[in-house]
Amino acid sequence: MVEMHEMVPGKRFDRYHELGQHAFGEKLGLYIVVPQQLIVEVGVCIVYMITGGESLQKVHRICCKKPCKDIRLTYFILIFASVHFVLSHLPNFNSISFISLAAAVMSLSYSTIAWTASLARGVTPNVSREYPSKTTGGRILSAFTALGEIAFAYAGHNVVLEIQATIPSTPEKPSKIPMWKGVLGAYIIVALCYFPVALIGYYIFGNDIHDNVLLSLDDPVWLIVTANMFVTIHVIGSYQIYAVPVFDMIETFLVKQMKFNPSFVLRFITRTLYVVVTMFIAMTLPFFSGLLSFFGGFAFAPTTYFLPCIMWLRVYKPKRFGLSWWTNWFCIVIGVCMMVFSCIGGLRHIIVEAKKYKFYS
C-alpha cells in the first residue's frame, strides 16, 4: 500500500477507498472498500473503549482502600468516553500528532512494565499450561479465536494511506521513502512490545493469564497503576487515529450526498453521536477477547491481509507464476482462511461469554 500510494504520476491516493476505486472502478471500489474499512475503524474504537474502561477499573480496584465498593465497568467506560467528547472535535491527523506520539511511547512503556513485573512476580504456584478446552472441538475453536486476535494485533493498514498523505512528497523524494522507514520502525516496536509480553506472560501465569496481562498483576501497586494509566493514554490516542477517517467519511457523505451545509454544528453533532454509539456498544458487549477475534477476522483480515494483494495483482499485473504473483496469491489464500476461521472462533467466544454475563454490570 505504501508503494501504491503514488503509483500514478502526479496523483496521490490519500484514502483507502481512492486506491480501491483505482483498482476496481469508481462504484465497485467504494462498495468493496468502504464498508470493510468502516467496520474495522468502528470495531477498533469499540475495543479501545473496553480496554480504556478496564484499565481505569483496575486502577480503582488497586488504589481504593478496603472496604471499597466495586464500581461497574460500565461507568469506567463512560469516564473513558468523556475524554473523546472533547478530543473528537480536533480537526485532522496533524492536530492529533502529539497524542499519537504519546500513545506510541505509552505502548512501549506499559508493555515493558508488563513483562518485567511478571518476571519479578515469579511463576504462579501450580501453574497449568494445558489446553483450557478438554474437547478437540473446543481446542480447534480456541485456536480460531487466537488467529483472530493475531490478525487484530498486527493489522493497521486501514489508515496507512491517510497517514502517508500527511508526509510531503516530491519527485526527488517521494513520500514512500520516509513512510517505509516509519513502517519498519513501527513493526520493530510492535515486536518489542508483543513478543516479551506473550512469552513471559504465558510462562508466569499459564492458562490463568487475563486477556490483558496487566489485569493479572497487583504488585508493586505504584508500578501497576502507572502501567494501566499508560494503557489508558495509549488507547485514547489510538481511538482518535481510527476515528478521524470515520469522521471524514461521514461528514463528506453528509455534505456531498445529503447536501448538508459544512458547519461547526454538523461536525459537533456527527462526532458526538459517533462517540456515543461506540461507547454504548462497548458498554453492552464488553467481551474483549471475543471482539478482538471477531473483528480481526471479519474486517481486519480482508483489509490488511488480502485486499491490498488483490489490488496489487489488478493494478501491476505481475508475470503469471512469477515470485510477485505467487507471493500475493499465497497471502490471499492465507488471509481468506484467517477471515473465515477467526470469525467462527470469535463469534463462539462471544456467545460463551454472553451466557454468564449480566448486561451493564
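Note that the coordinates shown come from a computational prediction; the quantities given were computed from them, not determined experimentally.

What counts, and where the lines are drawn
- Residues numbered from 1 in each chain as written.
- Predicted model: local features only at pLDDT ≥ 70, side-chain atom pairs only at ≥ 80, totals over all residues.
- Heavy atoms only, no water.
- UniProt positions renumbered as here; feature names shortened; annotations may be inferred.
- Helix = DSSP H or I, 4+ residues; strand = E, 2+ residues; numbered from the N terminus.
- 1 Å grid on protein atoms, 1.4 Å probe; cavity = no way out; pocket = protein on both sides within 12 Å on 5 of 7 lines; lining within 4 Å.
- Points joined across faces, edges and corners; volume = space filled by probe spheres on them.
- Nonpolar A, V, L, I, M, F, W, Y, C, P; charged D, E, K, R; others polar.
- Core = buried A, V, L, I, M, F, W, Y, C linked by side-chain atoms within 4.5 Å.
- Buried < 20%, exposed > 50% of the residue type's maximum accessible area, 1.4 Å probe, protein only.
- Patch = residues over 30% accessible without salt bridge, like charges linked within 9 Å, V, L, I, M, F, W, Y side chains within 5 Å.
- Areas by Shrake-Rupley, 256 points an atom, 1.4 Å probe, with all protein chains shown as cover.
- Salt bridge = Lys/Arg side-chain N within 4 Å of Asp/Glu carboxyl O.

1. Let's talk about the UniProt feature "transmembrane region" (unreviewed entry) in the chain
Then comes step 1: Mapped onto the present numbering, the UniProt feature "transmembrane region" (unreviewed entry) falls on residues 28-50, 71-90, 96-120, 183-205, 221-247, 268-288, 294-313 and 325-351.
Then comes step 2: Annotated as 75% helix and 0% strand, the span residues 71-90 places its first and last C-alpha atoms 31 Å apart.
Then comes step 3: The span residues 183-205 is 100% helical and 0% strand by assignment, and the distance between its end C-alpha atoms comes to 32 Å.

2. Things to note about the layout of surface pockets
Then comes step 1: Empty space within the second largest pocket amounts to approximately 530 Å³.
Then comes step 2: Lining the second largest pocket are 14 residues; nearest its centre among them are His 17, Leu 30, Met 249, Thr 252 and Phe 253.
Then comes step 3: Sorting the residues of the lining of the second largest pocket by element identifies helix 1 (16-24), helix 2 (26-63) and helix 8 (221-256) as the ones contributing at least two each.
Then comes step 4: Broken down by element, the lining of the second largest pocket gets its largest block of residues, six residues, from helix 8.
Then comes step 5: For the lining of the second largest pocket, a count of residues per class yields six nonpolar, four polar and four charged.

3. Observations regarding the nonpolar core
One recurring pattern in soluble globular proteins: nonpolar side chains tend to sit buried together.
Then comes step 1: If you look at the biggest cluster of nonpolar residues, it comprises 40 residues, and the most contacted ones within it are Met 49 and Tyr 239.
Then comes step 2: Elements with a contribution of two residues or more to this core: helix 2, helix 3 (73-87), helix 8, helix 9 (264-284) and helix 10 (288-316).
Then comes step 3: The greatest single-element share of this core, amounting to nine residues, is contributed by helix 2.
Then comes step 4: Val 197, Ile 224, Ala 227 and Val 231 belong to the second largest nonpolar core, which has 20 residues in total.

4. What about a nonpolar patch on the surface?
Then comes step 1: Taken together, the side chains of Phe 264, Val 265, Phe 268, Ile 269 and Leu 273 define a hydrophobic patch exposed on the protein surface, amounting to about 510 Å² of accessible area.
Then comes step 2: Positionally, Ile 269 belongs in helix 9.

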